2 protein chains.
Amino acid sequence: MDPSRSLPMADEPARERADAARNREILLAAAAELVESDGVDAVTTEALARRAGVGKGTVFRRFESREGLMAALLDRSESEWQAAILSGPPPLGPGASARDRLRAFGRSRIELTLRHAALIRAAGHAGTRAYAPVAFAAMHVRYLLGELGVSGDLGYLATALLAPLEIPILEQQVEVEGRSVEAIAASWDDLVDRVIGSRSLRGSDGGAARR
Amino acid sequence: MDPSRSLPMADEPARERADAARNREILLAAAAELVESDGVDAVTTEALARRAGVGKGTVFRRFESREGLMAALLDRSESEWQAAILSGPPPLGPGASARDRLRAFGRSRIELTLRHAALIRAAGHAGTRAYAPVAFAAMHVRYLLGELGVSGDLGYLATALLAPLEIPILEQQVEVEGRSVEAIAASWDDLVDRVIGSRSLRGSDGGAARR
DNA sequence: CGACTAAACGGACCGCGGTCCGCTTCTATT
DNA sequence: AATAGAAGCGGACCGCGGTCCGTTTAGTCG
């Protein structure tokens, strides 16, 4: 009896039929192509279904909604980012000090979020809260705060540090206020230092930009 | 010559025709009634137009979009809150210390945001950034930070303090994590103290909740 | 007061997200 | 290999947000 593929394993909730799984992949690939070539707005459910050679209903059965599809696309493209944090080279990955890792995290998160801005917007509700990458980021920041010996409600502090890195805020800063990624990252670093409470021991970085 | 009503005054951009202004009021009133009686989802543009006795096109000419309409509704209902901050009784209004005003601000902002959650969601993009109340809140927090003698990029710090008070985060905390308004407010107070840097002089409040 | 123009109006129309249901295909079982 | 039933499938259909354009009306000026 082959144990690798038969019994439900108790964590996969339902098991997807082979053709269903195939269609999921076809749809994700088609969606990615469409995004690449014509932008997020071109991904209408009908256009996508036509391109993937399936019916419209299939799109919804696989992904719940258009937003769910976008979230799936995001998940896929952010998984390598997660890997870089968990096991990539420092300072993002393990090996650097917690403070440096936190800073690297902030910068890369800002860049990633802005890069995927259109997709994140299109993922709407599903993309702004409670989908995999956000939960992962919260866990990671919380962990780093712990490493830094911060006291207090670490869960809340992690949320508070993550909140200004969400798209609406970042886009406001970039598009309306005209700030650069560098400037935003520097300000965020300053925020981090205040939250972790290392005000006095400002090291080599010379402090945050004052605009 | 009556100066109160004729020349454009140079700040009102276009001047709205009398019937147009009347229809705006009729629509806002009808929308408020509909929200009150049947909830935000019942405010479809057609239902609203029918109820207000105007054509569907008029809704869009007056408010740009359904989201714009919701934002207008929000603006109206938040104007009294703004007044309470600018000239109401302490600690929300002037008279209390800046730190107390900031705390009062946070609590009332949390309550207000949760109270209007459905409307804010429906206002979507228009309601989450760059509409009057948000800009007002940012200005106010920034001012209070200044009063407290905080150094650094006050604009960014204000944004960072406001970000965790936006609906997606608040709803996550209330609905998923099951936290109370009190607990959230307490955590936010702690965040404020970290940002303003008054860690050592913890006064009578005994610190934030640790969950 | 009558005429002229810009603004406002209404509702038919369009495209998209989402649902529904009768038909097809997969897979487990014997 | 045959079969039963669950899971998946497709596309017609629906309701809503948003646009468009021919018609009406408010305000202005001679």
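What comes next concerns the included structure. (Residues numbered from 1 in each chain as written. Chains lettered and ligands numbered in written order. Predicted model: local features only at pLDDT ≥ 70, side-chain atom pairs only at ≥ 80, totals over all residues. Heavy atoms only, no water.)

1. Regarding the overall build of chain A
Right, so step 1: Scanning chain A from N- to C-terminus turns up ten helices and zero strands.
Right, so step 2: Across chain A, helices and strands are ordered from the amino to the carboxyl terminus as α-α-α-α-α-α-α-α-α-α.
Right, so step 3: Going through the 211 residues of chain A one by one, you find that 48% of them count as buried.
Right, so step 4: Expressed as a percentage of contacts within chain A between residues at least 6 apart in sequence, the contacts between residues at least 24 apart total 62%. (Helix = DSSP H or I, 4+ residues; strand = E, 2+ residues; numbered from the N terminus. Buried < 20%, exposed > 50% of the residue type's maximum accessible area, 1.4 Å probe, protein only. Contact = heavy atoms within 4.5 Å.)

2. A few points about the packing of aromatic side chains
Right, so step 1: Applying the stated criterion across every chain, the model contains four aromatic pairs over all chains.
Right, so step 2: Centroid distance W81(A) to F105(A): 5.8 Å. Interplanar angle 40°. Geometry classified as tilted. In this pair, W81(A) sits in helix 4 (residues 66-87) while F105(A) sits in helix 5 (residues 98-115), placing the two residues 24 residues apart along the sequence.
Right, so step 3: Here W81(B) and F136(B) contribute two aromatic rings whose centre-to-centre distance is 6.1 Å and whose plane-to-plane angle is 75°, an arrangement assigned as edge-to-face. In this pair, W81(B) sits in helix 4 (residues 66-87) while F136(B) sits in helix 7 (residues 132-147), placing the two residues 55 residues apart along the sequence. Accessibility assignment for this pair places W81(B) and F136(B) in one class, buried.
Right, so step 4: Ring pairs connect the aromatic residues W81(A), F105(A) and F136(A), which therefore count as one cluster. (Phe/Tyr/Trp six-rings, centres within 6.5 Å; stacked < 30°, edge-to-face > 60°.)

3. Digging into the protein's contact with DNA strand D
Right, so step 1: Neighbouring DNA strand D are 21 residues, the closest being N23(A), G55(A), T58(A), K56(B) and R66(B).
Right, so step 2: One of the side-chain N or O atoms of R17(B) is found 3.4 Å from a sugar or linking oxygen in DNA strand D.
Right, so step 3: Residue assignment for the surface near DNA strand D shows that the elements contributing at least two residues are helix 1 (18-38) and helix 3 (56-63) of chain A together with helix 1 (18-38) and helix 3 (56-63) of chain B.
Right, so step 4: Here the surface near DNA strand D gets five residues from one element, more than from any other, and that element is helix 3 of chain A.
Right, so step 5: For the surface near DNA strand D, a count of residues per class yields five nonpolar, seven polar and nine charged. (Near = heavy atom within 4 Å. Polar contact = N/O pair within 3.5 Å; in protein donor to acceptor, adjacent residues only side chain to side chain. Nonpolar A, V, L, I, M, F, W, Y, C, P; charged D, E, K, R; others polar.)

4. Side note on the pattern of salt bridges
Any two side chains of opposite charge can pair, on the condition that their charged atoms come close.
Right, so step 1: Tallied over the full model, the rule gives 30 salt bridges over all chains.
Right, so step 2: Of the charged contacts in the structure, one is a salt bridge between D153(A) and R179(B), with a shortest N-O distance of 3.3 Å. Residue D153(A) is found in the loop between helix 7 (132-147) and helix 8 (154-162), and its partner R179(B) is found in the loop between helix 9 (167-176) and helix 10 (181-196); the two belong to separate chains.
Right, so step 3: R194(B) is the partner of D190(B) in a salt bridge, and the nearest nitrogen-oxygen pair spans 3.0 Å. One end of the pair is D190(B) and the other is R194(B), both in helix 10 and four residues apart, which spans about a single turn. (Salt bridge = Lys/Arg side-chain N within 4 Å of Asp/Glu carboxyl O.)

5. Describing the packing of helix 5 (residues 98-115) of chain B against helix 9 of chain B
Residues and elements named next belong to chain B.
Right, so step 1: Where helix 5 meets helix 9, the axes come as close as 10 Å, and the angle between the chain directions of the two elements is 85°. Judged on the interaxial angle alone, helix 9 and helix 5 are roughly perpendicular. Residues I110, T113 and L114 of helix 5 touch helix 9, and the partners they reach there are I167, L170 and V174.
Right, so step 2: For the contact of helix 5 with helix 9, the per-class residue count stands at five nonpolar, one polar and no charged. (Axes fitted to C-alpha atoms, helices over the stretch in contact; angles between N-to-C directions. Parallel < 35°, antiparallel > 145°, perpendicular 65-115°, else oblique.)

6. Brief notes about the protein's contact with DNA strand C
Right, so step 1: Near DNA strand C, the surroundings consist of 21 residues, among which K56(A), R66(A), N23(B), G55(B) and T58(B) are the closest.
Right, so step 2: Each atom of DNA strand C within 4 Å of the protein was assigned to sugar, phosphate or base; sugar and phosphate come to 62%.
Right, so step 3: The contact in question runs from a phosphate oxygen of DNA strand C to an N or O atom on the side chain of T58(B), over 2.8 Å.
Right, so step 4: Here R62(B) contributes a side-chain N or O atom positioned 2.9 Å from a phosphate oxygen of DNA strand C.
Right, so step 5: Sorting the residues of the surface near DNA strand C by element identifies helix 1 and helix 3 of chain A together with helix 1 and helix 3 of chain B as the ones contributing at least two each.
Right, so step 6: Broken down by element, the residue count for the surface near DNA strand C peaks at five residues, all from helix 3 of chain B.

7. Comments concerning the environment of E166(B)
Right, so step 1: Topologically, E166(B) is positioned in the loop between helix 8 (154-162) and helix 9.
Right, so step 2: A sequence separation of 14 residues divides E166(B) from G152(B), and the C-alpha atoms of the two residues are 23 Å apart.

8. Some thoughts on the nonpolar core
Right, so step 1: Core analysis: the biggest nonpolar cluster contains 62 residues, and L145(A) and L145(B) have the highest contact counts within it.
Right, so step 2: With residues near it in sequence (within four places) discarded, L145(B) still touches L102(B), V150(B), L154(B), L157(B), A158(B), L161(B) and I196(B). (Core = buried A, V, L, I, M, F, W, Y, C linked by side-chain atoms within 4.5 Å.)

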